[in-house]
Amino acid sequence: MAPLRLWILSSLLILALTGVGISEELSNQAEPTGFIPDGYEDDNPPYYPTDYPTNSPTYIPTDIPTEYPTITIEPTPQEQYGWVLINSVPSGAMVTFDGSYQGLSPVTVQVSLTESRFHQIYISMDGYQDWSTSLSELPAPGQTIPVNAILVPMEPTITPTYTPTWTPTETPTWTPTPTPTMIGSDYGWVYIESVPSGAEVTFDGTYQGSAPALVKVYTTGTPSHQILVRMTGYYDWTSSLRENPLPDQTIPITATLVPKAQYGSIRVTSHPTKSIAILDGGNQDLTPCTFSDLMPGLHTIKVIKDGYQPFMSQVRVNAGSQSQIQAQLNQIIQTGTLYVSSTPSGADIQLDGIYYGQTPYTLSASAGSHSLMLRLAGYNTWKSGVTISAGQQNQISASLEPQGPQLGAIQVASMPGSSQIFLNDNYEGKTPDIGYLDIPMLNPGIYAIRISHPQNQDYQGTVAVNAGQVSTVNVALQAAPVPATVNGTLMVQSNPSGAAIFLDNLFKGVTPLNLPSVPPGEHALTLRINGYDDAVRQVSITGGNTTDVVIEMVPTAPLTQEPTQTSEPTQTKSPAPMFALCTGIGLAAVALVLSRRSDR
């Protein structure tokens, strides 16, 4: 019995001490009066769950988030965006970017660099044809890509062409196709077909498959939709739909695609013949020759020959026709060199309107008087007349003056070089292969720039010129879709360089040389240079790809070895057999005479 009492007293003592600890701990809580005195029967069960959980969540969220603002990560998201500046002529047109309305032009659209690289731009304006383009590049972080749209006034003859084709062709064929389970009271349909069929259909920036395509449209949505129909070998077809279909209604649309222009050719003849004709600074051939499979538009033909002044002319190529060039080369009687330098250096050198390079540079030209012009962005254009003496090196140095603070300038570089630059449709010159084309002394403002190369797609955009600043434009032109996708490219190099290139026995130029638009298949390649054996190779060209050929030329045998290969030693031996033959015949004749005398 005593141990039992002792155990009970010990338990009560422990409970007392524990109760004191608990009461002291609970005294620090917000509600001490509602937790201990009332017990567990009435107040404690409802009070405990409402007090304890609310205390815990209010502590955790206020504690953990306070650590996040200490890590500054704002600059990183800003670098993940770029912008697209969309302009139109005339301005005030409705701009839609990836199916989302952005306002009236000019407008700037923010583009996420982590999303798709493909974007659709639609521009529409009453009285003008809808304009659209595909943006396949993303701006660099913080960069702005300009897009300039020149709207074409709408012709009244376009409207009747679509009216008779919609009603008879669509109603009987596609009315029964949508099943009652697919079409609800809130949906309608837009049926899009193309002529020819099979074109790619994009509706409000979303690809819908090949035509014919059936697109489901909310009847209560925004009654403004953009349609793009695209097919290889045809111009893009765009249209704006300014209405939504009624419930269960189908709106038919027919896109009649227009084929792209065919290719033309240029026939080049010269006097004297066997001169080198160069097309757009690339493909070369010996005159008379014909350059085929050329894009319609302006092309540059340059004809050169040793001892003659170069001939250069621009010719327009029309689809399905052949243009003619007759080059009359003037013989160069005397030439000299001119060393041109400037302070600062790097200025573009134009002698008689022809670009030669950048200062400092040594050029060769015919003797006589010439007009020299130096242009450098940020400086006034320098002009002077120069006289080149025959057989001598002449020197000229120019000190360029900074242009006024109220003027600006533009530097333009392109890939490939020799691209024509137009500023507000005014021709400014051609980009060099290395460096920039400088356009100084410009008034501040927004300029429309167009970069054109016959073998590539044109680039159009805008550039802002600020007073006292130089704006830089770097553009890599996209290759023409045809014939680049059909033909291939051959890059030929040799050691040493300067070897004449013959492809399938046709002269193409000298190494190193890039030959575009070579038909696919096997071709015979021959390189020829004085002092080396002809190098003959079989090359295989694949459409849309570039084939690189590097040939190490083998020197021919020295001329001192030629006498050892002649037949002179055999000629010194040839009289001995002839002498023996003659001697034998003579002895035979003497013996015959002696025998006849003995018979007598």
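The structure displayed is predicted, hence computed values, not measured ones. (Residues numbered from 1 in each chain as written. Predicted model: local features only at pLDDT ≥ 70, side-chain atom pairs only at ≥ 80, totals over all residues. Heavy atoms only, no water.)

### Overview of the sheet that holds strand E7 (residues 144-150)
Point 1. Overall, mixed pairing links the three strands, which are arranged E4-E1-E7 in an open sheet. At either margin of the open sheet sits one strand with a lone partner, and together these are strand E4 (107-112) and E7. Across this sheet, the average inter-strand angle for adjacent strands is 25°, counted without regard to direction.
Point 2. The pairing of strand E1 (residues 81-89) with E4 spans six bridges and is classified as antiparallel. Looking across to E4, one finds that Tyr81 is bridged to Ser112. (Pairing = 2+ DSSP bridges. Helix = DSSP H or I, 4+ residues; strand = E, 2+ residues; numbered from the N terminus. Axes fitted to C-alpha atoms, helices over the stretch in contact; angles between N-to-C directions.)

### Side note on the side chain of Thr431
Point 1. Inspection of the secondary structure puts Thr431 in the loop between strand E31 (426-430) and strand E32 (437-442).
Point 2. The class of Thr431 is buried, set by a relative accessible area of 3%.
Point 3. A polar side-chain atom of Thr431 sits 2.7 Å from a polar atom in the side chain of Ser414.
Point 4. Beyond its immediate sequence surroundings of up to four residues, Thr431 is in contact with Val412, Ser414, Pro416, Gly417, Ser418, Ser419, Ile421 and Leu437. (Buried < 20%, exposed > 50% of the residue type's maximum accessible area, 1.4 Å probe, protein only. Polar contact = N/O pair within 3.5 Å; in protein donor to acceptor, adjacent residues only side chain to side chain. Contact = heavy atoms within 4.5 Å.)

### Re a nonpolar patch on the surface
Point 1. Where nonpolar side chains cluster on the molecular surface, the patch consists of Met94, Tyr101 and Leu104 and spans about 290 Å² of accessible area.
Point 2. Turning to its location among the elements, Met94 is positioned in strand E2 (residues 94-97). (Patch = residues over 30% accessible without salt bridge, like charges linked within 9 Å, V, L, I, M, F, W, Y side chains within 5 Å. Areas by Shrake-Rupley, 256 points an atom, 1.4 Å probe, with all protein chains shown as cover. Salt bridge = Lys/Arg side-chain N within 4 Å of Asp/Glu carboxyl O.)

### Some details on the confidence of the model for the chain
The predicted coordinates of low-pLDDT regions are not to be read in fine detail.
Point 1. For the chain, mean pLDDT is 77; residues scoring 70 or higher make up 73% of the total.
Point 2. Here residues 560-582 is a poorly scored stretch, pLDDT under 50, and it has zero contacts once near neighbours within four places are set aside; other chains count.
Point 3. Counting contacts from residues 592-600, a segment whose pLDDT is below 50, to residues more than four positions away or on other chains yields zero contacts. (pLDDT = per-residue confidence, 0-100.)

### Quick word on the side chain of Ser323
Point 1. Take Ser323: it is sitting in strand E21 (residues 322-328).
Point 2. A distance of 2.8 Å separates the side chain of Ser323 from the backbone oxygen of Arg316, its partner in a polar contact.
Point 3. Each residue touching Ser323, except ones within four places of it in the same chain, is listed here: Ser265, Ile266, Arg267, Val315, Arg316 and Val317.

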